[in-house]
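What follows is the residue order along each chain.
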Amino acid sequence: MISYCNKLILAPMVRGSRLPTRLLALRYGADLVYTDELIDLSLLMSKRRVNDILGTVDYVNEANGYCTFRTCPEEKDRLIFQMGTANPDRAVALAKLVQNDVSAIDVNMGCPKPYSTDFGMGAKLLLNADNAKRILTNLVKNIPLPITCKIRIFDNVEDSIKLAKEFESTGISAIAVHGRTKKQKSTEPVNKDAIRQIAENLKIPVIANGGSDDIETYDDIEKFRNDCGASSVMIARGVQKNVSIFRKEGLIPHEEVTRDYLKLCVDYDNSLANTKYVIGKMYKANTDKIQKKKFSREFEDAESMEQICRHWGLKDYCREVHGAYAAKGHVHLPCSPLTQLEDISTEIFEYRKHLYKDENIKFSLMKFIRRYFGLETLPKTLVYGYAGRNKLPPPVYETRREDRLYYTVITFNGQKYASLIWDREKRNAEQTAALVMCHHLGLFEEHFLTVIGCLLDHLSNDEIREHMQ
Ligand code: FNR
């Protein structure tokens, strides 16, 4: 059984805590690592597959072939699986599915983003303590592993203590506390005093989180732990800057860290989009303006792992390793043809696909972004023109609304089309559906589609989320 006392922990981060980052964190000195948040609905649609070639265990979504979760024996004894859930039965079903590949199970109760809270998950659970307790109790009762949860604080510290104590009473082994409220941005100071007061009132270990702005070196980690009176410390953004923050001996230059990271990405056949994302974050945090510009040009244009590896003198290494994998019959698990958006929230897309399941809809991961289109190339204009040229009735738009977001199903010539990306604005939702139809009918030039795909690919995580909300 893992212990939560005096531990340095890699925090769960969507896209930021995948296998290569986790392994690197452990090799540099982290004691425990969290997975990124993995959503019950999505993982429950996945099958466990042992990948003898990579030496990994892969959970692969049967419907789309995407790898939803990849792990390996090196991390098993130190790996905490974080789930996004709002349902006690699904939580247990998922924990049972993964329990032999991980060492503990955590429930995310801190995510403030609508794609989590809209479905009753994340920080929404803090406002629905009964359900949160049912989830934890069910997990503690049925799963022979330590169960934990990760929470945010309330404005009033007394309320936070009360809730944390209620959660403690379910039998969980530890609780991670991000010292900010659901509304607070990471730019606002972390409330160390609130974490301290929660820690003082609980018997189980408290993991302090939210201190990355104060943590520049290894010694700062211990200071943050002491300031919070906590048992352990969990770090997220500090790791994005430089994973070697976990090294007792001090930070390694990010050039070197990148090389170490990239080797792991090659070894574990990490997706190109995720590799770019992680390295991009590190570079943006560490380089000056001129370097950043140069970096962006060379790096973001890279279309293969080998091209990225070339920048760090690992081209031959990449070719050799991937060549050997291919010779043994390894097949890279695919990503969406147009964008890598599913990297940040496959789960939500799975949920949305599920909504369409009774209709014969062709869908895509596409999003209409006004500034990329001229008047004559607006998707609605194009589909209207196409109908006219082919003497067919114009498309019919049916726009639906769920949780403040619009999504349109477009029917044309007996076929329905929709996007899995929804929009705050009705008119954008219609254009998005038309875009999907254009895509399926091949109404855009091939190169134009590639441009859209690249533009979406190159948006930052925050920008993508902003567009999605
Ligand atoms: C996060 N955070 C987060 N939290 C969580 O419980 N599950 C998750 O999947 C994610 N995903 C995620 C992605 C990214 C890119 C960031 C930056 C953060 C929140 C994170 O774990 C942590 O609570 C906060 O970032 C505060 O800690 P730091 O950054 O001050 O160490």
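As the structure is a prediction and not an experimental result, all values here were calculated from the model.

**Describing the environment of Ser244**
(1) Moving on: Mapping Ser244 onto the fold places it in the loop between helix H10 (237–241) and helix H11 (254–267).
(2) Moving on: A relative accessible area of 1% places Ser244 in the buried class.
(3) Moving on: Through-space distance from the C-alpha of Ser244 to that of Thr217 is 9.3 Å; in sequence the pair is 27 residues apart.
(4) Moving on: Discounting chain neighbours no more than four positions away, the residues touching Ser244 are Tyr28, Gly250, Leu251, Ile252 and Val257.

**Here's the deal with the pairing of strand S9 (residues 147–152)**
(1) Moving on: Among the six residues in S9, six count as buried, and that is most of the element.
(2) Moving on: As paired elements, strand S8 (residues 104–109) and S9 share five bridges and run parallel to each other. Across the sheet, the residue bridging to Ile105 is Ile147, located in S9.
(3) Moving on: Direction of pairing for S9 relative to strand S10 (residues 174–178): parallel, over a ladder of five bridges. Along S10, the bridge assignment pairs Arg152 with His178.
(4) Moving on: Tracing the backbone out of S9, into helix H7 (residues 157–168) and back to the parallel element S10 gives a crossover that is right-handed.

**Focus on the nonpolar core**
(1) Moving on: Core analysis: the largest hydrophobic core is formed by 108 residues, its most contacted members being Phe81, Ile105, Met109, Leu139, Phe167, Ile175 and Phe246.
(2) Moving on: For this core, the two domains that each supply at least three residues are domain 1 (8–247) and domain 2 (255–327).
(3) Moving on: Ignoring anything within four residues of it in the chain, the contact list for Ile175 reads Cys149, Ile151, Ala164, Phe167, Leu202, Ile204, Pro205, Val206 and Ile207.
(4) Moving on: One finds Val383, Ala387, Ile410 and Val436 within the second-largest nonpolar core, a separate group that totals 12 residues.

**Focus: helix H15 (residues 315–327)**
(1) Moving on: Relative to the 18 Å expected for 13 residues at 1.5 Å per residue, H15 spans 18 Å between its end C-alpha atoms, a close match to the ideal helical length.
(2) Moving on: Residues Cys318, Val321 and Tyr325 constitute the buried set of H15. An end-on view of H15 places all buried positions within 80° of arc, on one side of the element. Seen from the buried face of H15, the exposed residues on the opposite side, beyond 90 degrees, are Asp316, Glu320, Ala326 and Ala327.
(3) Moving on: In this structure, the buried side of H15 is in contact with H11 and helix H14 (305–311).
(4) Moving on: One or two residues past the end of H15 sits Gly329, with phi positive at roughly 100°.

**Points about the sheet that holds strand S14 (residues 396–402)**
(1) Moving on: Strand order in this open sheet of four strands is S13-S16-S15-S14, and the pairing throughout is mixed. Two strands close off the open sheet at either side, each with one partner strand: strand S13 (361–364) and S14. Direction aside, the axes of adjacent strands within the sheet are offset by 25° on average.
(2) Moving on: By the bridge criterion, seven bridges tie S14 to strand S15 (residues 405–412) in an arrangement that is antiparallel. Among the inter-strand pairings, Arg401 is bridged to a residue of S15, identified as Tyr406.
(3) Moving on: Those strands touched by helix H18 (residues 426–441) are S13, S14, S15 and strand S16 (415–419), and its axis lies near 40° from that of S15.

**Notes on H7**
(1) Moving on: For H7, spanning 12 residues, the distance from its first C-alpha to its last is 16 Å, which sits close to the expected 16 Å at 1.5 Å a residue.
(2) Moving on: For H7, the complete set of buried residues consists of Val157, Ser160, Ile161, Leu163, Ala164, Phe167 and Glu168. Seen end-on, H7 carries its buried residues on one side only, within an arc spanning 165°. The exposed set on the far side of H7, more than 90 degrees from its buried face, consists of Glu158 and Lys162.
(3) Moving on: For H7, the secondary structure elements touched by its buried residues are S8, helix H6 (129–142), S9, S10 and helix H8 (192–201).
(4) Moving on: Where H7 begins, the capping side chain belongs to Asn156, and its oxygen is found 2.8 Å from the backbone nitrogen of Glu158.

**Considerations on the packing of aromatic side chains**
A ring pair, where both rings are aromatic, is described by two values, the distance of the centres and the angle of the planes.
(1) Moving on: A complete count under the given rule lists five aromatic pairs for this structure.
(2) Moving on: An angle of 70° between the planes, with centres 5.8 Å apart, marks the rings of Tyr283 and Trp312 as edge-to-face. With Tyr283 in helix H12 (residues 272–286) and Trp312 in the loop between H14 and H15, this pair connects stretches of sequence that are 29 residues apart. An identical accessibility class is assigned to Tyr283 and Trp312; each is buried.
(3) Moving on: Seen in terms of ring centroids, Tyr407 and Trp422 are 4.1 Å apart; in terms of plane orientation they differ by 10°. Their pairing is stacked. Note that Tyr407 is positioned in strand S15 and Trp422 in the loop between S16 and H18, a separation of 15 residues in sequence. Residue Tyr407 shares its accessibility class with Trp422, and that shared class is buried.

**Thoughts on the confidence of the model for the protein chain**
(1) Moving on: Here the protein chain averages 86 in pLDDT, while 86% of its residues score no lower than 70.
(2) Moving on: Low pLDDT, under 50, characterises residues 446–469; the stretch is placed with 46 contacts to residues that sit more than four places away or in other chains.

Conventions adopted
- Residues numbered from 1 in each chain as written.
- Predicted model: local features only at pLDDT ≥ 70, side-chain atom pairs only at ≥ 80, totals over all residues.
- Heavy atoms only, no water.
- Helix = DSSP H or I, 4+ residues; strand = E, 2+ residues; numbered from the N terminus.
- Buried < 20%, exposed > 50% of the residue type's maximum accessible area, 1.4 Å probe, protein only.
- Contact = heavy atoms within 4.5 Å.
- Pairing = 2+ DSSP bridges.
- Right-handed = clockwise from strand over helix to strand, strands pointing away.
- Core = buried A, V, L, I, M, F, W, Y, C linked by side-chain atoms within 4.5 Å.
- Domains from an automatic or database assignment.
- Expected span 1.5 Å × (residues − 1).
- Arc of directions from axis to C-beta.
- Axes fitted to C-alpha atoms, helices over the stretch in contact; angles between N-to-C directions.
- Polar contact = N/O pair within 3.5 Å; in protein donor to acceptor, adjacent residues only side chain to side chain.
- Phe/Tyr/Trp six-rings, centres within 6.5 Å; stacked < 30°, edge-to-face > 60°.
- pLDDT = per-residue confidence, 0-100.

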